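Summary of the model geometry
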Amino acid sequence: MSKEKNDTSFRDRPINMDEQGKRKWIFAKKPKGKWYLRRSIVAYIWLLFFILAPIIKINGHPFMLIDIANRNFVIFGVIFWAQDTFILALLMLSFVFFIVLFTVTFGRIWCGWACPQTIFLEMIYRKIEYLIEGDSKAQMKLAAAPWTTSKIFKKGLKHLIFILISVALTNIFILWFTGLDRLIEIMTDPISEHLVGFIVMMIVSALFYWIYSYFREQICTMVCPYGRMQGVLLDSKSIIVAYDYKRGEPRGTKDGGDCTDCNRCVDVCPTGIDIKNGTQLECINCTACIDECNIVMKKVNRPPNLIRFDSIEGIEKGHKSIWNTRNKAYSVVLLLLFGFFIYTLLTRPSLEATILRTPNTIYQVQDENTLSNLYNIKIVNKTYNDMDIEIKAISPEGKIQIAGAKPYIKQHSLYESVFILFLDKSKLTGEKTEVKFGIYSNGKLIETNTVTFVGPRK
Ligand code: SF4
Ligand code: SF4
């Protein structure tokens, strides 16, 4: 039996920490194989989306934009205003349920394949590191070597590129909040005009640089709360990256299991764990160990997939079903939530008007028969069309006088004004009379609002 088999220190402390509590640097071997290729393709599509989504415009309108200054979000070309918070909350809730359902069924696949942290670290920063410093053994040698000109050059070049990439990533991140036109405007203005923004950009860039050059896998193993939730989300039917101990053990013996105890699955792991110890919260399901073990299996003429995507039940009983009561129930809730989100999205009004009587005002006597009240009006145009607007008092009928020019609301914008409603005294029903206002565009009634009109006590 190998030494590693009896070593249970992985239970006592994080794998990247020694007995003294000092950080152990993980020199992960460069992965290669079909899973790494698939993961790289997914990552490059993801990166393309990350870069292009805030730049792409459809008919001149943004595809993705988190416009905090104007209090609206554009998600896949659909604009959400502050008034749509409920619809957005439904979307967020659906997303959370989707992640939970996905985790219950497919384990931490999000972490290894779609999490920005993993994609940036494994597909950008680490690839540059491999390119400049070589594979894990060369990196270890370089780290232990004295500071020669060659080491200074390699380390300096790597960190310079890391800094530039961190600044670039931060600016792509900012694009999501500003859009391309605004970002170019900010960049071409003197720095003094956007000093706070510039300082924030530099701080975020420095944070990115620190995370990807130093802190690295500790985000996944020590900081990220999602990893910590695996214990409650996973069950024996969840598909995870798992070592087939039934086939592999006893390992490292001539006539024993298929595992040669070569530990190459550990060498390649970006979080430094040994998958042969079973499911661990540090496993991000990156599949690097599957590829590496398959290379070993090929060399020793054994069937591939000693480490594979499978469930605990799959390994123990050969059972393949991914369905259980939990993920069936989650699927129903997710379908209901998402269905409700689509329904509210499709039925939301294209204009949303809010009419309120101006605070701290009372009625005014205009003449013997007529009284007036002052109102504030806000209208959000959620469409991609500019609109001429008309406001009418439908019942009881009255005359409206609006401040400024005739309301004209540009696409995706907010209109705010005040208006006076003149009512004939004979139409008042008491001290407070309900008035139904209609908002019209091109003669078509778009929305109604009912507000009170105050008059004298009868
Ligand atoms: S790479 Fe495969 S054969 Fe080698 S130790 Fe890991 S599981 Fe065993
Ligand atoms: S154990 Fe395998 S799948 Fe999990 S993080 Fe390590 S290399 Fe990736």
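Everything quoted here is computed from the prediction, not taken from an experiment.

Rules of the game
- Residues numbered from 1 in each chain as written.
- Chains lettered and ligands numbered in written order.
- Predicted model: local features only at pLDDT ≥ 70, side-chain atom pairs only at ≥ 80, totals over all residues.
- Heavy atoms only, no water.
- Helix = DSSP H or I, 4+ residues; strand = E, 2+ residues; numbered from the N terminus.
- Rg over C-alpha atoms; globule rule 2.2 N^0.38 Å.
- Buried < 20%, exposed > 50% of the residue type's maximum accessible area, 1.4 Å probe, protein only.
- Contact = heavy atoms within 4.5 Å.
- Areas by Shrake-Rupley, 256 points an atom, 1.4 Å probe, with all protein chains shown as cover.
- Lys, Arg positive; Asp, Glu negative; His and termini not counted.
- Charge placed at Lys NZ, Arg CZ, Asp CG, Glu CD.
- Domains from an automatic or database assignment.
- Buried area = accessible area lost by both parts, 1.4 Å probe.
- Expected span 1.5 Å × (residues − 1).
- Bend = angle between axes of the 7 residues up to and from the residue.
- Axes fitted to C-alpha atoms, helices over the stretch in contact; angles between N-to-C directions.
- Parallel < 35°, antiparallel > 145°, perpendicular 65-115°, else oblique.
- Left-handed = near helix turned anticlockwise from the far one by under 90°.
- Nonpolar A, V, L, I, M, F, W, Y, C, P; charged D, E, K, R; others polar.
- Pairing = 2+ DSSP bridges.
- Core = buried A, V, L, I, M, F, W, Y, C linked by side-chain atoms within 4.5 Å.

**Brief notes about the overall build of the protein chain**
- Summing up its helical and strand segments, the protein chain has 17 helices and 17 strands in all.
- Taken over C-alpha atoms, the radius of gyration comes to 31 Å for the protein chain, far larger than the 23 Å a tight globule of 458 residues would show.
- Within the span of the protein chain, comprising 458 residues, buried residues form 45% of the whole.
- Restricting the contact set of the protein chain to residue pairs at least 6 apart, pairs at least 24 apart contribute 69%.
- For the protein chain, the computed accessible surface area is about 24,700 Å², with 64% contributed by carbon and sulfur atoms.
- Computed over 57 positive and 42 negative side-chain charges, the inter-centroid distance for the protein chain is 5 Å.

**Here's the deal with unusual backbone geometry**
- Between E249 and the following residue, P250, the backbone shows a cis peptide bond with an omega angle of -10 degrees.
- Mapped onto the secondary structure, P250 falls in the loop between helix 13 (245-248) and helix 14 (264-267).
- Note that the residue after S395, namely P396, is joined by a cis bond; omega there is -10 degrees.
- At N263, a position not held by glycine, the phi torsion is positive, near 65 degrees.
- Judged by its relative accessible area of 15%, N263 falls in the buried class.
- Of note, the phi angle at T287 is positive, near 75 degrees, even though the residue is not glycine.
- Within the fold, T287 resides in the loop between helix 14 and helix 15 (288-299).

**Quick word on the domain arrangement of the protein chain**
- When cut into domains, the protein chain gives domain 1 (28-231) and domain 2 (351-454).
- For domain 1 versus domain 2, the distance between C-alpha centres works out to 48 Å.
- Tallying the contact residues gives nine residues for domain 1 and nine residues for domain 2.
- For the pair domain 1 and domain 2, the summed buried surface comes to about 790 Å²; carbon and sulfur atoms form 61% of the total.
- Ranking the residues of domain 1 by area buried against domain 2 places H61, W81 and Q83 at the top, with a combined share of 66%.

**Here's the deal with helix 5 (residues 116-133)**
- For helix 5, spanning 18 residues, the distance from its first C-alpha to its last is 24 Å, which sits close to the expected 26 Å at 1.5 Å a residue.
- The largest bend in helix 5 is about 35 degrees, located at R126.
- A large share of helix 5 lies buried, amounting to 15 of its 18 residues.
- Within two residues after helix 5, G134 carries a phi angle of roughly 90 degrees, on the positive side.

**Thoughts on the packing of helix 3 (residues 85-106) against helix 17 (residues 325-347)**
- Remark: helix 3 packs on helix 17, axes separated minimally by 9 Å, with the N-to-C direction vectors making an angle of 155 degrees. Relative to helix 17, the element helix 3 is oriented roughly antiparallel. The element helix 3 and its partner helix 17 pack so that their crossing is left-handed. Contacts from F86, I87, L90, L91, L93, S94, F97, F98, V100, L101, V104 and T105 of helix 3 reach helix 17 at R326, N327, Y330, S331, V333, L334, L337, F338, F340, F341, T344 and L345.
- Looking at side-chain class alone, the contact of helix 3 with helix 17 contains 18 nonpolar, five polar and one charged residues.

**A look at the sheet that holds strand 4 (residues 72-75)**
- Taken together, the three strands give an open sheet; going across it, the order is 3-4-5, and neighbouring strands pair in antiparallel fashion. Among the strands making up the open sheet, the edge pair consists of strand 3 (65-67) and strand 5 (78-81). Put simply, the sheet's adjacent strands are angled 15 degrees from each other on average, direction ignored.
- Relative to strand 5, strand 4 runs antiparallel, the two being bridged by four bridges. Across the sheet, residue N72 finds its bridge partner in strand 5, namely W81.

**Thoughts on the nonpolar core**
- Counting residues in hydrophobic clusters, the biggest one holds 34 residues, and the most contacted among them are F80, F120, I124, Y125, L169, Y212 and F341.
- Breaking this core down by element, the ones donating at least two residues are helix 2 (34-52), helix 3, helix 5, helix 7 (149-178), helix 9 (195-215) and helix 17.
- Sorting elements by how many residues they give to this core places helix 5 first, with eight residues.
- With residues near it in sequence (within four places) discarded, I124 still touches L47, I119 and I165.
- One finds W35, C265, I273 and C293 within the second-largest nonpolar core, a separate group that totals 26 residues.

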